[in-house]
Amino acid sequence: MKRFNLKAEVLAMSILFIVWAFALTGCGGSASGDDTKNMVYGSPESKLSMVPVSGPLYEGPALSIAPEVKPAPNATEHRVRIDVSHSEVLVNDTIKFTGWVFGGAYPGPVLHVRQGDKVYFKMTNRSNETVGISPPSPHSIDFHAAMVNPKDKYREVIPGATIEFEWTANYPGVYMYHCGSPAILQHMIYGMVGMTIVEPKDGYPTKVDREYALFQSELYLSRLKSGMYVTDMATAKKKDPMFVCFNGQPFRHVKEPLKAKAGERVRLYVLNAGPCGTSSFHVVGTLFDRVWMEGHPQNEMRGVATVMLPSSGAAIVEFIVPEKGIYTFVDHEFADVEAGAAGLIDASGDEVAMK
Amino acid sequence: MNRFLVIFTASFLGMAPVVFAGAAPKGTVYFFLGSLCPCTDAHKHSIMELMSLAPKKGIKLVAVFPNKGESGELVEHFFKGIGFKLPYIIDSTNRLVKKYDAQKTPQVFLVDDKGRVVYSGPIDDSVENLGQIKNAYLKNAVLELAEGRPVSVPRAEGSGCWIVRNR
């Protein structure tokens, strides 16, 4: 009996020691300790107003259009405007459709800030300016990078109205933003999607020669007898896209290859917006030296051939261009390649990166 | 006989008339919809429930497409995408928009057998409640009208797309 109790005591002490050791080293949480102490949860209530606006559909030094990624501005607070408009979206030389977009672009502008930065965001629903294109309708915006009350910040904005709210970029990562008004699927297949990049506070652990944003998304369209192309909820519900795109158009970067040089280290911010499908992102002819799932350097994998991205999921991938050549990037789900999910990185020039 | 034939003379619409036959209706619901407006989708389950319920209660359902640029092809595409179909009118002269002073889509008008509007507004309040219906405005009004009771909520406000009139 006594021997049994001794064993139990030893066992209990061992468990206590393990729990204590885990707590001390931060296992089960962040490797660098509890960084959530510095995070900002929530923000003041959003404001709605009906002040007319004019001028560009997006404004702010933190914004750029993919594949370009402008450096995050050297500031801790960012004033950002991304307006909503209804406008024609060009799919290729012969196909266009009536879209609803952020910042006048499909996909919407890339927002690039740093961890801990505060974003003062403003959005006007300018669908009332284009009644000849599509009936003005309510819209909203949902930043996956933000930690705020969705019922307040992501509420509907009627045509002509402006919403303002602020949020803090707590986690480094690559995140989607999209319209969250019902039916969300419908708003997303009309084009209301975009990317936020939140850089780690002290930068990434690697230095790269080039970086690009790659935004994968599906287009669900159908051709009416009149020849007009319209978005198609029926095929979207069946997850049967007409096109799968990188940066808004099928095979866009086959026609407009991304540039690189042999020997360079390239960083791609890859976001799969969906809205319905997954992506198996792969670059032919190289391996990913670093993969940071969701764009967070602590979620690291190495020597990866293909990265699986769920709908709205993202990763930062880095690779060395091994030698002169043209490198194809694809969604390795090859039905998606047939639908347009392929592009090129042209490193065929004679120039070689100086190291 | 309490049988009759209602014909919405739709010659002004440039399309075949919408014909309803059967028992004299106690009322008619006019659903103002837009084929390019996303807001109807949030109410599709309520509409489909009414498609089953209302005819049994003697209430007719009619969709009205009032926007400039509507076509039969767009409307058919809209119904295919949303997963139900109602008898419809393309209100190209905006006669019905003006008659009921419709402002947005979706917006509904429940009209009794004497032509009086007994309910106008949204189908329900699901948009305001993140998908949860707390007030089934139209369904309640349909039931009250069918049972010969006064409609307890004759008017409500909801969100929607603006109607773009032809003239």
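Residues numbered from 1 in each chain as written. Chains lettered and ligands numbered in written order. Predicted model: local features only at pLDDT ≥ 70, side-chain atom pairs only at ≥ 80, totals over all residues.

**A word on the pairing of strand 7 (residues 110-114) of chain A**
Residues and elements named next belong to chain A. Applied cut-off: Once C-beta atoms are placed from the backbone, each residue is buried if 20 or more other C-beta atoms lie within 10 Å of its own, exposed if 12 or fewer, and partly exposed for counts between those two. Counting from the N terminus, the helices are the DSSP runs of H or I reaching at least four residues and the strands are the DSSP runs of E reaching at least two. Strand pairing is defined by DSSP finding a minimum of two bridges between the two strands.
Burial analysis of strand 7 places five of its five residues in the buried class, the great majority of the element. Bridging between strand 3 (residues 63-64) and strand 7 involves two bridges; their strand directions are antiparallel. What sits directly across from S64, in strand 7, is V110. The sheet contact formed by strand 7 and strand 12 (residues 193-199) spans five bridges and is parallel. Opposite L111, over in strand 12, you have T196 as the bridge partner.

**Quick word on the interface of chain B and chain A**
The line we're drawing: Each residue gets a C-beta atom placed from its backbone, and two residues are in contact if those atoms lie within 7 Å. Side-chain classes are defined by residue name, with Ala, Val, Leu, Ile, Met, Phe, Trp, Tyr, Cys and Pro counting as nonpolar, Asp, Glu, Lys and Arg as charged, and the others, Gly among them, as polar.
Tallying the contact residues gives 21 residues for chain B and 25 residues for chain A. Elements with a minimum of two residues in the side of chain B that touches chain A: helix 2 (72-82) and strand 9 (161-162) of chain B. Take the side of chain B that touches chain A: its biggest share by element is five residues, from helix 2 of chain B. The class makeup of the residues in the side of chain B that touches chain A is twelve nonpolar, six polar and three charged.

**Section: the nonpolar core**
What counts, and what does not: Only buried Ala, Val, Leu, Ile, Met, Phe, Trp, Tyr and Cys residues enter a nonpolar core, and they are joined through C-beta atoms within 7 Å.
Counting residues in each nonpolar core, the largest one holds 132 residues, and the members touching the most others are Y269, V270 and A315 of chain A together with V29, L110 and L138 of chain B. If near-sequence neighbours (up to four positions away) are discounted, V270 of chain A is found in contact with L214, F281, L309, A314, A315 and V317 of chain A.

**Some points on the sheet that holds strand 23 (residues 314-320) of chain A**
All names here are of chain A. Taking strand neighbours across the sheet as the criterion, the six strands line up as 16-13-18-23-20-21 in an open arrangement whose pairing is mixed. Two strands bound the open sheet, and with one partner strand each, they are strand 16 (243-246) and strand 21 (300-301). Pairing between strand 20 (residues 290-293) and strand 23: four bridges, direction antiparallel. Pairing of V291 across the sheet is with V317, part of strand 23.

**So, the packing of helix 1 (residues 44-53) of chain B against helix 4 (residues 137-146) of chain B**
All names here are of chain B. Where we set the bar: Angles here are taken between N-to-C directions and fall from 0 to 180 degrees, while the axes themselves are lines fitted to C-alpha atoms, restricted in helices to the stretch in contact. Any angle that is under 35 degrees is reported as roughly parallel, and any over 145 degrees as roughly antiparallel; angles of 65 to 115 degrees are reported as roughly perpendicular and all others as oblique. Crossings are assigned a handedness: left-handed for a near helix turned anticlockwise from the far helix by less than a right angle, right-handed for a clockwise turn.
Across the interface, helix 1 lies against helix 4 with an axial gap of 10 Å and an inter-helix angle of 20°. Relative to helix 4, helix 1 is oriented roughly parallel. Where helix 1 crosses over helix 4, the two elements pack in a sense that is right-handed. Residue-level inspection shows S46, E49 and L50 of helix 1 in contact with helix 4, the latter providing L138, K139 and V142.

**Focus: the sheet that holds strand 25 (residues 342-347) of chain A**
Residue and element names in this part refer to chain A. An order of 17-25-24-19-22 is seen for the five strands of this open sheet, with the pairing classed as mixed. Strand pairing shows two members of the sheet lacking a second neighbour, strand 17 (258-259) and strand 22 (306-309), which therefore form its edges. Across six bridges, the pairing between strand 24 (residues 325-331) and strand 25 is antiparallel. Residue pairing across strands places V330 opposite A342, the latter belonging to strand 25.

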